[in-house]
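Descriptive structure summary
Single-letter residue listing:
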Amino acid sequence: MLCEECQLRPATVHITKIINNLKSELNLCEECAKGYKDEWGLGIQPAFSIPKFFAGLLDEEAGFGTGISQGYRQESKCDRCGQTYSEFTQTGRLGCNRCYAIFGKRLDPLLRRIHGSIRHTGKVPGRAGGKLRLKREVESLRAELEQLVAQEEFEKAAEVRDKIREVEKKLRS
Amino acid sequence: MDNDDLFAGTKCKWIEGSGPYADIVITSRVRLARNLEAFPFPQALTEVQQKEVVRAIAQTLDSSAVKNKFGKFRLIVLNELTAIERQILVEKHLISPEHAELKGYRAVALDKEEMISLMINEEDHLRIQVLLPALQIHESWRKANEIDDLLEKNLNFCFSETKGYLTSCPTNVGTGLRASVMLHLPGLVITKQANRILSALSQVGLTVRGLYGEGTEAAGNMFQISNQITLGRTEEEILQNLSSVIKQIVDQERSARELLLKEARSKLEDRVYRAFGALAHARIISSQEAISLLSEVRLGIDLKIIKNIDARILNELLVTIQPAYMQKLEGRKMSPSDRDKKRASIIREKLNVKFL
């Protein structure tokens, strides 16, 4: 949908007014919305951004009780793209792949909050090597083994155990 | 690009509208986010670097391995299009609204069927999107995965052993996979069950949005359901979770429709025919009114209350009554009231109402 005001940019701000049960709607782009005032004379608040919201959760400056150490802690900065951690908490976007290594542990609580996990278990690109694939295979076999033992299916468990040994041998070679 | 079918045609794969559960599921989309190791993420790049990213990806698409499997991709530089042309690609769901709006050098590569679109320099260097009609989410993934495999033979994607595929926004890290299914749920809306069912989805790691993705309202009883979690689950787990939830919602929608037919058939028929009547006769119609009336006609077709109308026509109309598409067709800028008139005439023509 294009902005009803300028007809140029996509409408990203949608205003629904209900006055005495009369509903009226207005679809504007962000630029035109800046000029809009409601019946209270207030402008539109900037769009709510989910990444920014999540990143904001990590902004220790605004957080609780980290008090005293503030201001003394050195600002961490990515040595590849130059982005700082506080820039990340502003935009919710990382600058490059290296940022993940530089900000490492500080990202984990955020990742856990978004995904409930901090560890990738999905697809591995072919070039990242067979080793990683084998490691993953051992992990999933171990999980299977545990389950079989819990179910007291010892014969099947023994088979899985042998498979694990085989894969581990391949890993060492 | 005046006679270009991309901006004037409706041959987009998803518009065909056939496949499993096509009476309720409109589209299945898979999107993979990937970044090239050689460059910082797109928003940190200069325009020259952004061009290099486009070139690197375009070169790989030109390789015989890709061409043999998926045919020739057409590369479109978004900067070279008008705002209206970019908006048409959004209306056809071939690029995201953000991709149309972003600054800098960005492009999209499309296959012949307009089923696969590779967005370049969106939030990430590469977004591989496969969009199919009906419930074919596993099929979409299979295709996207295949393209990903072919591309990674030439391109080094950012990948970490523990965090998986690295993306500009941490909400996509891990698999980089976003799978979305667009559902038409008039039965659940009429019987007032939609909110209750859909609000429970966040508990299983899924989110609901409107027709045009992030931040849009649900128009015409269309709901887009997608996975929220991309890290810590395998692609198969993510897709399995989504499709099993979708199948349950489809079942609920089916029983809501049956209930309506059984308990309130004449009321339902009245509603469907009134909607059809309004669409068939209106001379001025807003996009919002059209989309909500088309939803009722779609329901009427699915329940065989209305016969002799191909459901495909409704998918086409979802695109052809959009502002940018109409303005391109007319070859001029149109005021909202001009558009409302044009829209009404496009609908009358499409529904082939000859008896008037």
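Below is a summary of the structure that appears in this document. (Residues numbered from 1 in each chain as written. Chains lettered and ligands numbered in written order. Predicted model: local features only at pLDDT ≥ 70, side-chain atom pairs only at ≥ 80, totals over all residues. Heavy atoms only, no water.)

Structural notes on the interface of chain A and chain B
We apply this condition: Note on definitions: a residue-residue contact is assigned when non-hydrogen atoms from the two residues lie within 4.5 Å. A 1.4 Å probe defines the accessible area here, and the buried area is the portion of it lost by two parts on being joined, summed over both. Polar contacts here mean pairs of N or O atoms no more than 3.5 Å apart (in protein, one a potential hydrogen donor and the other a potential acceptor; neighbouring residues in sequence count only if both atoms are side-chain atoms). Comment: elements are numbered from the N terminus, with helices defined as DSSP H or I runs of at least four residues and strands as E runs of at least two.
With 42 residues of chain A at the contact, the number on the chain B side is 53 residues. Counting the surface lost from both chain A and chain B, the interface buries some 3800 Å², and carbon and sulfur atoms represent 55% of this. Counting the contacts that link chain A with chain B gives 21 residue pairs in polar contact (both at pLDDT 80 or more). No other element matches helix H4 (residues 97-115) of chain A, which puts 7 residues into the side of chain A that touches chain B.

Things to note about helix H11 (residues 311-320) of chain B
All names here are of chain B. For clarity, the cut-off: A simple rule labels every residue: compare its accessible area, found with a 1.4 Å probe on the protein chains alone, to the largest value its type can have, and call it buried under 20%, exposed over 50%, or partly exposed in between.
Burial analysis of H11 places 8 of its 10 residues in the buried class, which makes it a mostly covered element. Among all positions in H11, only Ile 313, Leu 314, Asn 315, Glu 316, Leu 317, Leu 318, Val 319 and Thr 320 are buried. On its buried face, H11 sits against strand S1 (25-34), helix H4 (83-91), strand S10 (222-227), helix H10 (287-302), helix H12 (323-330) and helix H13 (336-350).

Some remarks on the sheet that holds strand S8 (residues 177-184) of chain B
Residues and elements named next belong to chain B. Selection criterion: Two strands are counted as paired when DSSP detects at least two bridges linking them. Whenever a helix is involved, its axis is fitted only over the stretch in contact; in every case the axis is a line through C-alpha atoms, and angles between N-to-C directions fall within 0 to 180 degrees.
Strand order in this open sheet of 8 strands is S2-S3-S4-S5-S1-S8-S10-S9, and the pairing throughout is antiparallel. The sheet is open, and its two borders are formed by strand S2 (74-77) and strand S9 (206-209), each paired with just one other strand. Averaged over all neighbouring strand pairs, the angle between strand axes comes to 20°, with direction disregarded. Sheet topology places S1 next to strand S5 (residues 126-133); 8 bridges connect them, and they run antiparallel. Within the sheet, the bridge partner assigned to Arg 31 lies in S5 and is Gln 129.

Examining the packing of aromatic side chains
Just so we agree on the cut-off: Stacked, edge-to-face and tilted labels apply to pairs of Phe, Tyr and Trp rings (six-membered ring for Trp) whose centres lie within 6.5 Å, assigned for plane angles under 30 degrees, over 60, and everything in between, in that order.
One pass over the full model with this rule turns up 3 aromatic pairs over all chains. On the numbers, 5.3 Å between centres and 75° between planes, the contact of Tyr 85 of chain A with Phe 103 of chain A is edge-to-face. One end of the pair, Tyr 85 of chain A, is in helix H3 (residues 85-91); the other, Phe 103 of chain A, is in helix H4, and 18 residues separate them in sequence. Seen in terms of ring centroids, Phe 159 of chain B and Tyr 165 of chain B are 5.0 Å apart; in terms of plane orientation they differ by 70°. Their pairing is edge-to-face.

Looking at the pattern of salt bridges
Residues and elements named next belong to chain A. Our working rule: Whenever a carboxyl oxygen of Asp or Glu lies within 4 Å of a side-chain nitrogen of Lys or Arg, that contact is scored as a salt bridge.
With the rule as written, the count across this model stands at 37 salt bridges over all chains. Measuring nitrogen to oxygen at the nearest pair gives 3.4 Å for the salt bridge that ties Arg 161 to Asp 162. For Arg 161, a relative accessible area of 37% corresponds to the partly exposed category. Accessibility expressed as a relative area gives 37% for Asp 162, which makes it partly exposed.

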